[in-house]
Every structure is written in structure tokens, then in C-alpha cells.
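Observations on the three-dimensional arrangement
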Amino acid sequence: MIQKVEITIDGKTVELPVLEATEGTNVVDVRGLIAEGIYTFDPGFLSTASCESRITYIDGDKGILMYRGYPIEELAENSSHMEVCYLLLCGELPDQAQLSEFVQDIKSRMPVDDQFKHIFDAFSESAHPMSMLCAAVGGLASLYHDGLDIFNAQHRRESALQLIAKIPTLAAMTYRKTIGAKFIDPDPELEYAENFLNMCFGEPGVSSNVSATLASAMDKIFILHADHEQNASTSTVRLAGSTEADPYAAIAAGVAALWGPSHGGANEAVLKMLAEIGDESRVQEFIDRAKDKDDPFKLMGFGHRVYKNFDPRATVMQASCHAVLEEQGIEDEPLLKIAKQLETIAREQDYFIDRKLYPNIDFYSGITLKAMGIPTNMFTVIFAMGRMPGWVAHWDEMLGSPFKIGRPRQLYLGPSKRDYVDINDR
Ligand code: ACO
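For the structure given in this document, a descriptive report is provided here. Computed from a prediction, not measured in an experiment: that's the story for all the values here. (Residues numbered from 1 in each chain as written. Predicted model: local features only at pLDDT ≥ 70, side-chain atom pairs only at ≥ 80, totals over all residues. Heavy atoms only, no water.)

Moving on, we come to the overall build of the chain. Each helix and strand counted, the chain has 17 helices and six strands in total. The C-alpha radius of gyration computed for the chain amounts to 23 Å, which stays within 12% of the reference 22 Å derived for 426 residues, consistent with globular compactness. Taking the principal axes of its C-alpha atoms as reference, the chain extends roughly 75 × 65 × 60 Å. Residues counted as buried form 46% of the 426 residues belonging to the chain. For the chain, the proportion of contacts with a sequence separation of at least 24, taken over those separated by at least 6, is 71%. When the 39 basic and 62 acidic side-chain charges of the chain are each reduced to a single mean position, those positions are 5 Å apart. (Helix = DSSP H or I, 4+ residues; strand = E, 2+ residues; numbered from the N terminus. Rg over C-alpha atoms; globule rule 2.2 N^0.38 Å. Buried < 20%, exposed > 50% of the residue type's maximum accessible area, 1.4 Å probe, protein only. Contact = heavy atoms within 4.5 Å. Lys, Arg positive; Asp, Glu negative; His and termini not counted. Charge placed at Lys NZ, Arg CZ, Asp CG, Glu CD.)

Structure (C-alpha cells):
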């Protein structure tokens, strides 16, 4: 096993230690290079480990995803989102008493302060739900900032509970705002996913009639999205959190990073793309565009930075997707036919096979959410709800051990020093 690597710079050899991972790739510790006046260059962080972490492990080639050592397939099959939240935060699966207490802790924190609800008055009904979610999550700092000590583990746990508890309530409020409907308060009798669906689609003052299949599919979506190690939004939470920023602000930064179509916005982009294709007869035309180097078009819901074989979450999501389609009786919906054809063609053609481009979780979650009657502009909001335990677990892990402010270097390619020229002489 390699213990160290040597690099030679201007005739001088520098030894760099190799740090051993419990699973997967070991890393070369380049921290000593700064003393030699050298920076490394790695745009997009393709070969850079930014931190140590004990939360989630991914092997992209083998299609493995594990939370705290438990394979995602087993968690999706046997556990609930609340169990997964506990696991990510605490490191172990809860026993029955611990789970009951945790569920109560979450339920008791779900209601949102009446005055705080007015934050939604500032938005028009046409506002994108993600813009409202960013603002509302960041706005929570106004309620919980004073007296918060981020270096106190109990305070961090309280912030984590508040964020996991409040996100479904705020997410449902963004939806109710877009349809100009009255908010529905959380119901302490309902489980997490059902509560969210009822706050979106229920009637104020009327008991929930959310179907068990839909509540279970939503819970599975949350489990599958709960964490994904150092992805763009989680790294953003860590970077913002490394400045010792308020946790609600750091998480709002994560929500913002998730919004982009290369990340959490992909599930929304999948549905937009299917609608743009519009008809099965045009699928090949869009496949050709995706392959054309001169066309920026990409097949949304295909490819992944880490998974270069298959996305294990997509496999679970595909099964859940079929259960929802069957329950809703819409297996022959035109957009779904287009999706199936796209998937088949992409799996058969060399361009996609050579580049290891497979349907990712967003492909199937987009279709499932659409079948559940969720409006397209809410898809990324739902991803954010699912990812919340991962964000807070990573934030807590970072704050709970020695860390440095995240501050990358750069390769400067701008002008060298030059003299200021008076405006009349330019
Ligand atoms: N459609 C067509 N071609 C693609 C696609 C796609 N969806 N994705 C990658 N490629 C091609 C690239 O053009 C490139 O081709 P080349 O080697 O001939 O230049 C090759 O495959 C490698 O692609 P990269 O962009 O280098 O891969 P990277 O790992 O940087 O990007 C990403 C991964 C951003 C996910 C990309 O595949 C993509 O944009 N996919 C569509 C958006 C999407 O579904 N995002 C969801 C990500 S998963 C998540 O956030 C949960």
C-alpha cells in the first residue's frame, strides 16, 4: 500500500503522506505544499477531497451508496425517513424508544410562527417556490440567531431538529402561495411525508386523505435524497458554515446551490425536456441534439459526476415510480411514453454507453412526482426537503471537529501590473 508520494519541484523533492480511507480511494495530503509555495489546480474539484467525513460513502463505479455503512437499497426497503434522519445525525439506527422521541421532537417543531408566515406576503404568486424556500430557510435565522452557540453540540442539534421539522411546513407554504390558497398547519397525528402532502393538497380543518401509496413513495424519495456526501449543495453548506455563519443561512446557501439544473434542478428540467420533446416521434431528434458537440443541449436526467455505472437510487426509484403509476392508473400517459423511449434508446446507443451516461435518480423522481400530481416547479423543493438531514449532518460534523474556513486558491491569468489611465486619455 502506498504510504507517501514524492514530487520534485525545481530539483527539490517533497514527500506527501497518503491518508487511508476506511472504504474507497485513499488521498494524497497536499497540505504541506503551501510551505513550498505551491498550489494544486483542480477546477470542479474532480480529484480533491475537501474534508474527512464519516457519514456517507459512494462507490460510483460499483453503484454503491451507503449512509453510515448501511446500503441505500436496505434503508429504502426497510426504514423510514425519520429513521434515516436519526441515522445521519446520530451515526446509529435508533431503537424504538429513540425513534419515538425523535419523531416527537420533529413533530413539536413543525409549526411555523404566525408572524413569520408574513414573509410569504412579500412574494407574488408567480414566484418560483425555490426562491421562496431560499428566503424562508435563511429567514429562520431571525427567529433562532440570538444566543445560538454553534460550537455547542446541543445547540447544533436543536438547529438540526428545527431545520428538519420546519422544511416540510415551509415547502408546503411555498406551494400554497403559488396557488393563492390558505396555508394548512402541520397535523401532529400525521407522519412526516403524509403531513407534507396534506399541507400541500389538503383542506384547512379537514382530516388528511393522502393515499398510503403516495405517502410511502414520498417517504422513499426523501430517503433516497437524504445525503450524497460532498455534492455541490452540501459542499456549499460546509463552505458557508466554515465562516461560522448562522446555520439557517448556511443551509439557505445549500438550498440555492441545489436549485441549478446540473444538480437538484435536474428533476424539474427532466419534465420540461419531456414536454419540449412533446411526442415520441421527436425522441431521436433530441437524442441527436444531445450527441451534437455544437449543440449545448443535454439529456436531462442522464449522467452523473460520481456514478459511472448505475445510480443505485435510480434503481429503487424506478420500482417506486411504477407503483405510483399503477396506483394513479396513468401508465400510458404521453410524457411517460416519451420517457420510456428515451431511456431505451439512450441505453442502447454507443454515445451514452461509451460515456457511461445512465438515467439518474432525477429521471425517475421527476416522472414519479409528476404522476403524483406534484407541479413541476415544486420538484426541487422536494429534493431540498429530502436533502435536509444530509446538509445538517455535514454541517454538524464539520463544526464538531477542527476545521478551517474554506478558502480555495486560484491560477491567476489576468493582466500583470499596469498604470491607471485617466478617463480622458483612454
Ligand atoms: N446528455 C448528453 N451528453 C452528456 C450528458 C447528458 N446528460 N452528460 C454528460 N454528457 C457528455 C458530455 O458532453 C461529455 O462528452 P465528451 O466526453 O464527448 O466531451 C461526457 O458526457 C462527460 O460529461 P461531463 O460533463 O464531463 O460529466 P460531468 O461529470 O462533469 O457532469 C452532469 C455530470 C453535470 C450530471 C452531466 O452529466 C449533466 O449535465 N447531466 C444532465 C443534468 C442532470 O441530470 N443532472 C443531475 C445530476 S444528479 C443530481 O444532482 C442528483
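Picking up after the structure, the text goes on.
With that settled, the discussion passes to the site of the ligand. Around the ligand there are 21 residues in total, and Lys293, Leu299, Gly301, Phe302 and Tyr351 lie nearest to it. Within the side chain of His263, an N or O atom sits 3.2 Å from an oxygen atom of the ligand. The contact in question runs from an oxygen atom of the ligand to an N or O atom on the side chain of Asn360, over 3.0 Å. In terms of residue class, the shell around the ligand is made up of nine nonpolar, six polar and six charged. (Near = heavy atom within 4 Å. Polar contact = N/O pair within 3.5 Å; in protein donor to acceptor, adjacent residues only side chain to side chain. Nonpolar A, V, L, I, M, F, W, Y, C, P; charged D, E, K, R; others polar.)

Mapped onto the secondary structure, Tyr351 falls in helix 15 (residues 350-354). Residue class for Tyr351 comes out buried when judged on its relative accessible area of 18%. Each C-alpha atom of the pair Tyr351 and Phe379 lies 29 Å from the other, and the pair is 28 residues apart in sequence. Leaving out residues up to four positions away in the same chain, Tyr351 has contacts with Ala290, Lys291 and Leu357.

In space, the three strands of this open sheet follow the order 1-2-3, with antiparallel pairing throughout. The sheet terminates laterally at strand 1 (4-9) and strand 3 (27-28), the two strands that pair on one side only. Judged from the two bridges that link them, strand 2 (residues 12-19) and strand 3 form a sheet pairing that is antiparallel. From the neighbouring strand, Val18 faces strand 3, where its bridge partner is Val28. (Pairing = 2+ DSSP bridges.)

Let us now look at the nonpolar core. By size, the foremost hydrophobic cluster in this structure holds 114 residues, and its most contacted members are Leu133, Leu170, Phe196, Met218, Leu274 and Leu299. Among the elements that line this core, the one with the most residues is helix 17 (residues 379-399), at 13 residues. Excluding anything up to four places from it in sequence, Leu274 contacts Leu335, Ile338, Ala339, Leu342 and Ile367. (Core = buried A, V, L, I, M, F, W, Y, C linked by side-chain atoms within 4.5 Å.)

On to helix 3 (residues 96-109), then. Between its first and last C-alpha atoms helix 3 spans 20 Å; for 14 residues at 1.5 Å apiece the expected length is 20 Å, and the two agree. Elements in contact with the buried residues of helix 3: helix 2 (81-90), helix 6 (153-178) and helix 7 (192-201). Its side-chain oxygen at 3.2 Å from the backbone nitrogen of Ala97, Asp95 defines the N-terminal cap of helix 3. (Expected span 1.5 Å × (residues − 1).)

Before going further, it helps to examine a nonpolar patch on the surface. A contiguous nonpolar surface patch, about 390 Å² in accessible area, is contributed by Phe41, Leu411 and Leu413. With respect to the helices, strands and loops of the structure, Phe41 is situated in the loop between strand 3 and strand 4 (56-59). (Patch = residues over 30% accessible without salt bridge, like charges linked within 9 Å, V, L, I, M, F, W, Y side chains within 5 Å. Areas by Shrake-Rupley, 256 points an atom, 1.4 Å probe, with all protein chains shown as cover. Salt bridge = Lys/Arg side-chain N within 4 Å of Asp/Glu carboxyl O.)

Turning next to the pairing of strand 2. For a regular strand, the rule is simple: side chains alternate between the two faces of the sheet. Bridge count between strand 1 and strand 2: six bridges; the pairing is antiparallel. Within strand 2, the residue paired with Val5 across the bridge is Leu16. Between strand 1 and strand 2, which pair antiparallel and follow one another directly, the connecting turn spans two residues, one of which, Asp10, has a positive phi of 50°.

Moving on to the environment of Ser207. Relative to the helices and strands, Ser207 is located in the loop between helix 7 and helix 8 (212-225). For the pair formed by Ser207 and Phe102, sequence separation is 105 residues and the distance between their alpha carbons is 24 Å.

Running from N to C, helix 9 (residues 232-241) and helix 17 cross one another at 35°; their axes reach a closest spacing of 9 Å. Between helix 9 and helix 17 lies a crossing whose hand is right-handed. In this structure, helix 9 uses Ser233, Thr234, Val237, Arg238 and Gly241 to contact helix 17, whose residues at the interface are Arg387, Trp391, His394, Trp395, Glu397, Met398 and Leu399. Residue classes in the contact of helix 9 with helix 17 are distributed as five nonpolar, four polar and three charged. (Axes fitted to C-alpha atoms, helices over the stretch in contact; angles between N-to-C directions. Left-handed = near helix turned anticlockwise from the far one by under 90°.)

The full count for this structure, using the stated rule, is twelve aromatic pairs. Each ring, one from Phe151 and one from Phe403, has its centre 6.4 Å from the other, and the planes form 15°; the classification is stacked. Taken as a pair, Phe151 in the loop between helix 5 (141-144) and helix 6 and Phe403 in the segment after helix 17 lie far apart in primary sequence, 252 residues in all. Ring centres of Phe286 and Phe297 lie 5.5 Å apart, and the angle between their planes is 75°; on these two criteria the pair is classed as edge-to-face. (Phe/Tyr/Trp six-rings, centres within 6.5 Å; stacked < 30°, edge-to-face > 60°.)

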